[in-house]
Amino acid sequence: MAVMTALPRYKDQGRPFMSFVYGIAAHKVADAHRSSSRNRQDPTDDMPDFASGAEGPEDVALLSESSRRVQELLDSLSPEQREILILRVIEGVSAAEAAELIGSTAGAVRVAQHRALAKLKKSMGRVGEIDG
């Protein structure tokens, strides 16, 4: 239809007529892409009854950033301190059970846990100063 509308304005310039037609088609395709990118609506047959509970991109990014920071903090500990914190804090085992698992005493586990937490607290203070 666009070719028929533009036909009265066609002037022979020594190029094939099909280049005129292809030029119009290329402009129509570009127009269609521009108009589809402007229309961000996705029609649906049914309206959902409730909002999606899925995490959005911002939630995923924040979770990823938090995970990265926790991993950096854990990496700042010695392997023994890291293992003790994971056993005691994450897995929730007692000092005696942790001592049995790593071949130490309950008192040594408590001291190592205290030192690991103090080191993390100090590291978190430094991170806060850098970010702040």
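Residues numbered from 1 in each chain as written. Predicted model: local features only at pLDDT ≥ 70, side-chain atom pairs only at ≥ 80, totals over all residues. Heavy atoms only, no water.

For the chain, an unreviewed UniProt entry supplies the name RNA polymerase sigma factor 70 region 4 type 2 domain-containing protein and the organism Hoyosella rhizosphaerae.

Chemist: Honestly, the overall build of the chain in this entry has me stumped. Any pointers?
Modeler: Counting secondary structure elements, the chain contains six helices and zero strands. Reading the chain from its N terminus to its C terminus gives the helix and strand order α-α-α-α-α-α. Partitioning the contacts of the chain with sequence separation of at least 6, the portion at a separation of at least 24 is 46%. About 10800 Å² of surface is accessible on the chain, with carbon and sulfur atoms providing 57% of the total. (Helix = DSSP H or I, 4+ residues; strand = E, 2+ residues; numbered from the N terminus. Contact = heavy atoms within 4.5 Å. Areas by Shrake-Rupley, 256 points an atom, 1.4 Å probe, with all protein chains shown as cover.)

Chemist: Please clarify how helix H5 (residues 95-102) should be interpreted in this entry.
Modeler: Structural remark: α-helix, 3.6 residues per turn; residues separated by three or four positions point the same way. By the burial criterion, the buried members of H5 are Ala 95, Ala 98 and Ala 99. Burial along H5 is one-sided: seen end-on, the buried residues are contained in an arc of 100°. Of the exposed residues in H5, the ones pointing more than 90 degrees away from its buried face are Glu 100 and Leu 101. The first or second residue beyond H5 is Gly 103, which carries a positive phi of 75°. (Buried < 20%, exposed > 50% of the residue type's maximum accessible area, 1.4 Å probe, protein only. Arc of directions from axis to C-beta.)

Chemist: How do you make sense of a nonpolar patch on the surface when you look at a structure like this?
Modeler: A cluster of nonpolar residues, Met 4, Leu 7, Phe 17, Met 18 and Tyr 22, forms a patch on the protein surface that exposes about 530 Å² of accessible area. No other element matches helix H2 (residues 17-38), which puts three residues into the nonpolar patch. You can see Phe 17 is positioned in helix H2. Residue classification places Phe 17 among the partly exposed residues on the basis of a relative accessible area of 35%. (Patch = residues over 30% accessible without salt bridge, like charges linked within 9 Å, V, L, I, M, F, W, Y side chains within 5 Å. Salt bridge = Lys/Arg side-chain N within 4 Å of Asp/Glu carboxyl O.)

Chemist: Can you walk me through the pattern of salt bridges in this structure?
Modeler: Any two side chains of opposite charge can pair, on the condition that their charged atoms come close. Scanning the model with the defined rule gives two salt bridges in all. Where Glu 65 meets Arg 68, a salt bridge forms, and the shortest distance between an N and an O atom there is 2.4 Å. Of this pair, Glu 65 and Arg 68 are both found in helix H3 (residues 57-75), three residues apart, which corresponds to roughly one turn of the helix. Classification of Arg 68 as partly exposed rests on a relative accessible area of 39%.

Chemist: What should I look at first to understand the packing of helix H4 (residues 79-90) against H5 in this one?
Modeler: Each pair of packed helices gets described by two things: the angle between the helix axes and the distance between those axes. H5 packs onto H4 with a crossing angle of 140° between their chain directions and a minimal axis gap of 10 Å. The angle between H4 and H5 falls in the class oblique. In this structure, H4 crosses over H5, and the sense of that crossing is right-handed. When H4 is examined against H5, the residues Glu 83, Ile 84, Leu 87 and Arg 88 are found in contact with a partner set consisting of Ala 95, Ala 98, Leu 101 and Ile 102. Residues of the contact of H4 with H5, tallied by class, amount to six nonpolar, no polar and two charged. (Axes fitted to C-alpha atoms, helices over the stretch in contact; angles between N-to-C directions. Parallel < 35°, antiparallel > 145°, perpendicular 65-115°, else oblique. Left-handed = near helix turned anticlockwise from the far one by under 90°. Nonpolar A, V, L, I, M, F, W, Y, C, P; charged D, E, K, R; others polar.)

Chemist: Explanation requested: the environment of Val 93 in the structure shown.
Modeler: Within the fold, Val 93 resides in the loop between H4 and H5. We classify Val 93 as buried; its relative accessible area is 16%. Setting aside residues up to four positions removed in sequence, Val 93 forms contacts with Leu 87, Arg 88 and Ala 98.

Chemist: Please clarify how the side chain of Ser 123 should be interpreted in this entry.
Modeler: Along the chain, the position of Ser 123 falls in helix H6 (residues 106-131). When residues no more than four places from it in sequence are discounted, the contact partners of Ser 123 are Leu 73 and Ser 76.

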